[in-house]
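Chain and residue survey
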Amino acid sequence: MRVVGLIDLDCFYCQCEHVRLGIPSSTPLAVLQWNGLIAVNYAARAAGVKRMALAADAKKLCPELVLIHVDVIDHQGRTIQFNQHSKEFPDQALSKVSLQRYRIESMKIMSIFHEFCSIMERASVDEAFLDLSELCFSTCSQYPCVFEGKVLQEEHGSLEIDTEAKKALAIGSQIVASIRKQVYDTLGYTCSAGIAQNKMIAKVISSFNKPNGQTVCPPEYVSRLMSTVSLTSLRGFGGKMGTTIVNLLPAEVIGENRVISPALIKTYSSLADFERIFGAKNAAYIWDCLSGIDDDQVLARARIKSIVAAKQFPLTKDIESVLKWLMLLSSEIYERVSFDSQEFSREPKSLTIHVASVSRVCTYPSPCKSADEIFKQAQSLLDKAGGRSILPLSYLSLTASNFTDTVDASKQITSFFNLETETEKKAVEENSNEELHCRFCGEPFTSSSERMAHEDFHFAQELQDIEVSKAKVRMKPITPKSKSKKKKSESVSSSKSLKDFFQVQKTM
Ligand code: TTP
Ligand code: CA
Ligand code: CA
């Protein structure tokens, strides 16, 4: 029996701003990107304010709402910060969002998690899985053997710690509570958590007691959980995979049930149905998930392989304005590469431009002392890609990659990202062969972190679309570009295809 914890920060970007600006958490606050809300604190949620709402609508709903715009980088490469007194918001046509502040806070939080538990997998900017199994046994004498947090149980169930599994979970819940306390005491951020026997269950229950609360799922409650949660709220089933499975149900069953749970799916379909669609091996895996069984290991991710800065802008024929965007991307690359090289003692060897379906690569300037040096290289790459002949343009991206260590690896300060065990190294090598695609445009990447960075720009674009149409729109993930295009009706039986199913729905 394993003990897995998933710790997730409450309204993460908002908390970063509360702490930075000294605003009490009881003040309704939201973080803004252009005109749309990307994070909403709990005081504002109580007033009905929702993520993705427009700033003006949110203000109408909650007039005392404090809106803090995320940092932006202007055309001169300067980072502009905002606070509760800022009178004007930035112009999307003249600047680019910088999420570096949140990345830095994320790094501090992850370091605290890692101090407690080295088997840690960063799952997004504000959450991580911890495999606490061994720790529970080695430290059990340090903690009281009682549950900490809300324990899921049947109406007349007992909270008695009468099995080894429950004992391990109880200690796990104590360790997670200590980690959360340490994050709060050190950085002032609250987080919520789920503690269970696997990643899938830990993740789904981590939001049951938010904010600032944790939930434990004892093994005997798993089957009840699988009949009460919706399939699409489970990790791995939020996108195309979940929709495909839900659609196996007869339409009237979908209509009659408010929650389409894994248990409901199992009642109406069989393993054979799944085998036909997903292939035997995948079907067995999915079938297990529907019963709450998930053997996915908690694995530390490798250092990212590349840093991508991208910008979508209004179509332009004007080379000067394209160069302004290029300057802005150069500044972002410079800032992020500088941060990365401090953390990991390494530097990139290649700089690539992606423009109008063309890529051009050159050597990354070394030593690189300013964003201007990157801009000069990027300008000559743009010329090599066709210069004025490729106008008009509406998209540019710069990538720093091909990293090499600047100090002997054995002398590096071992940060948690550098601690790669043999198993982790293996996982990294395997991942590097894996194709990851942007959920929105299908662009391929070699790491999920790289893809995450690229998806930032789609998120900004979506907010822009919302603003234009003055209506809430949902981004529709598209099927990733695949070398062998499948017809809609074709069955999906290779493991690669299953990966596609999973990848289109991962969240940041
Ligand atoms: P989440 O963990 O999804 O949300 P949250 O931390 O704001 O709120 P909760 O308390 O419910 O966990 O995302 C973490 C941060 O990532 C969030 O503060 C803002 C950012 N984010 C985006 O920029 N775009 C998105 O679509 C999502 C989901 C999050
Ligand atoms: Ca969160
Ligand atoms: Ca999260």
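Everything below is about the structure printed above this text.
Residues numbered from 1 in each chain as written. Chains lettered and ligands numbered in written order. Predicted model: local features only at pLDDT ≥ 70, side-chain atom pairs only at ≥ 80, totals over all residues. Heavy atoms only, no water.

Protein-derived coordination of the calcium ion (ligand 2) comes from Asp8 (OD), Asp8 (OD), Leu9 (O) and Asp126 (OD), at a distance range of 2.2 to 3.0 Å. Mapping the donors of the calcium ion (ligand 2) onto the primary sequence gives the spacing D-L-x116-D. In this structure, the calcium ion (ligand 2) is positioned 3.5 Å from the calcium ion (ligand 3), and both are ligated by Asp8. One end of the pair, Leu9, is in strand β1 (residues 4–9); the other, Asp126, is in the loop between β8 (120–124) and β9 (127–131), with 117 residues separating them in the sequence. For Leu9, a relative accessible area of 1% puts it in the buried group. (Donors = N, O, S within 2.8 Å, 3.2 Å for Na, K, Ca; no water. Helix = DSSP H or I, 4+ residues; strand = E, 2+ residues; numbered from the N terminus. Buried < 20%, exposed > 50% of the residue type's maximum accessible area, 1.4 Å probe, protein only.)

What follows concerns helix α4 (residues 100–116). With 17 residues, α4 extends 25 Å between its outermost C-alpha atoms, agreeing within 8% with the 24 Å of an ideal straight helix rising 1.5 Å per residue. Counting buried residues along α4, 12 of its 17 residues qualify, which places the element largely inside the surrounding structure. (Expected span 1.5 Å × (residues − 1).)

In the vicinity of ligand 1 there are 15 residues, among which Asp8, Cys11, Phe12, Tyr42 and Arg45 approach most closely. Note that an oxygen atom of ligand 1 is positioned 3.0 Å from one of the backbone N or O atoms of Tyr13. Here an oxygen atom of ligand 1 and a side-chain polar atom of Lys210 are 3.1 Å apart. Taken by itself ligand 1 offers 560 Å² of open surface, and the protein chains cover 80% of this. Those elements that place two or more of their residues in the shell around ligand 1 are β1, α1 (12–21), β3 (36–40) and α2 (42–46). (Near = heavy atom within 4 Å. Polar contact = N/O pair within 3.5 Å; in protein donor to acceptor, adjacent residues only side chain to side chain. Areas by Shrake-Rupley, 256 points an atom, 1.4 Å probe, with all protein chains shown as cover.)

Another point: the packing of aromatic side chains. Evaluated as defined, the whole model comprises 6 aromatic pairs. An angle of 80° between the planes, with centres 6.4 Å apart, marks the rings of Phe12 and Tyr189 as edge-to-face. Residue Phe12 is found in helix α1, and its partner Tyr189 is found in the loop between α6 (164–187) and β11 (191–196); the two are separated by 177 residues along the sequence. Relative accessible area serves as the criterion here: at 4%, Phe12 is assigned to the buried category. Accessibility expressed as a relative area gives 1% for Tyr189, which makes it buried. (Phe/Tyr/Trp six-rings, centres within 6.5 Å; stacked < 30°, edge-to-face > 60°.)

For the calcium ion (ligand 3), the full set of protein donor atoms is Asp8 (OD), Asp126 (OD) and Glu127 (OE), and the range of their distances to it is 2.2 to 2.4 Å. Each donor residue of the calcium ion (ligand 3) lies on the same chain, and together they follow the pattern D-x117-D-E.

The subject of this paragraph is the sheet that holds strand β4 (residues 66–69). In space, the 3 strands of this open sheet follow the order β3-β2-β4, with mixed pairing throughout. Edge positions in the sheet fall to β3 and β4, since each of these pairs with one other strand and no more. On average, each strand axis in the sheet is tilted by 40° relative to the strand beside it, whichever way the strands run. In this structure, strand β2 (residues 29–33) lies alongside β3, joined through 4 bridges in antiparallel fashion. Its bridge partner being in β3, Val31 is matched across the sheet by Ala39. Across the sheet, α1 is in contact with β2, β3 and β4; its angle to β2 comes to roughly 110°. (Pairing = 2+ DSSP bridges. Axes fitted to C-alpha atoms, helices over the stretch in contact; angles between N-to-C directions. Contact = heavy atoms within 4.5 Å.)

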